[in-house]
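# A look at the structure
Residue-level listing of the chains:
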Amino acid sequence: MAEEEAEQAGRARARQLRDEDELSFREIATVLEAEGIRPKRGERWHPETVRRMLANSTDKPPTLYPRQRSV
């Protein structure tokens, strides 16, 4: 499985656990670890990583936009 496919599978599984099973971020991290799904970076899932991943509904990495100057 390619890295991007693995990442999408992890994201989909985390959403399923959150929506259907109503698990906490910590519980989701534990399930992903137990199922052998690895995060994009690092070796372990952390609850904050799960929270950020699920908060990003676009499936794209967050982008920082420059502030618009008011005139």
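Computed from a predicted structure; not experimentally measured. Residue positions are counted from 1 within each chain, in the order its sequence is given. Selection of residues for local features in this predicted model requires a pLDDT of at least 70, selection of side-chain atom pairs for listing and counting requires 80 or more, and totals for whole chains, interfaces and linings are taken over all residues. Values shown for side chains rest on all heavy atoms present in the structure; no hydrogens or waters enter the calculation.

### So, the packing of aromatic side chains
The criterion, for reference: In this scheme Phe, Tyr and Trp rings, the latter by its six-membered ring, pair at centre separations within 6.5 Å, and the angle between planes marks the pair as stacked below 30 degrees, edge-to-face above 60, and tilted otherwise. Only Lys NZ and Arg CZ are tested; either one counts as a charge over a ring when it is within 6 Å of the ring centre and within 35 degrees of the ring normal.
Inspection of every chain in the model, using the stated rule, returns 0 aromatic pairs. Across from the ring centre of Phe25, 4.4 Å away, lies the NZ or CZ of Arg18, which sits over that ring.

### Details of helix 3 (residues 47-55)
What counts here: When a residue's accessible area, from a 1.4 Å probe over protein chains only, is under 20% of the maximum for its type it is buried; when over 50% it is exposed; and in between it is partly exposed. Put simply, DSSP H or I for four residues or longer makes a helix, DSSP E for two residues or longer makes a strand, and each gets a number counted from the N terminus. To be clear, the arc concerns the directions from the helix axis to the C-beta atoms.
Residues Val50, Met53 and Leu54 constitute the buried set of helix 3. Buried residues of helix 3, viewed axially, fall in a sector of 95°; they line one side. Turned more than 90 degrees away from the buried face of helix 3 sit Arg52 and Ala55, all of them exposed.

### So, unusual backbone geometry
With the exception of glycine, most residues fall at negative phi, and the peptide bonds are largely trans. Residue Glu22 is not a glycine yet carries a positive backbone phi of 55°. By the secondary structure assignment, Glu22 is in the loop between helix 1 (3-19) and helix 2 (25-34). When its relative accessible area of 66% is taken as the criterion, Glu22 is described as exposed.

### Overview of the nonpolar core
Inclusion rule: By nonpolar core is meant a set of buried Ala, Val, Leu, Ile, Met, Phe, Trp, Tyr and Cys residues that side-chain atoms within 4.5 Å join together.
Core analysis: the biggest nonpolar cluster contains 11 residues, these being Ala14, Leu17, Leu23, Ile28, Ala29, Leu32, Ile37, Trp45, Val50, Met53 and Leu54. Listing elements by their share of this core, those giving two or more residues are helix 1, helix 2 and helix 3.

### Overview of the pattern of salt bridges
Heads up, the rule is: We define a salt bridge as a side-chain nitrogen of Lys or Arg found within 4 Å of a carboxyl oxygen belonging to Asp or Glu.
For the coordinates displayed, the defined rule picks out 6 salt bridges. A salt bridge links Glu7 to Arg11; the nearest nitrogen and oxygen atoms lie 3.2 Å apart. Residue Glu7 and its partner Arg11 are located together in helix 1, separated by 4 residues, close to a single helical turn. Relative accessible area serves as the criterion here: at 7%, Arg11 is assigned to the buried category. Residue Arg38 pairs with Glu33 through a salt bridge whose shortest N-O separation is 3.2 Å. Here Glu33 falls in the partly exposed class, since its relative accessible area comes to 23%. One salt-bridge network, in which partners are shared between bridges, spans Glu7, Arg11 and Lys40.

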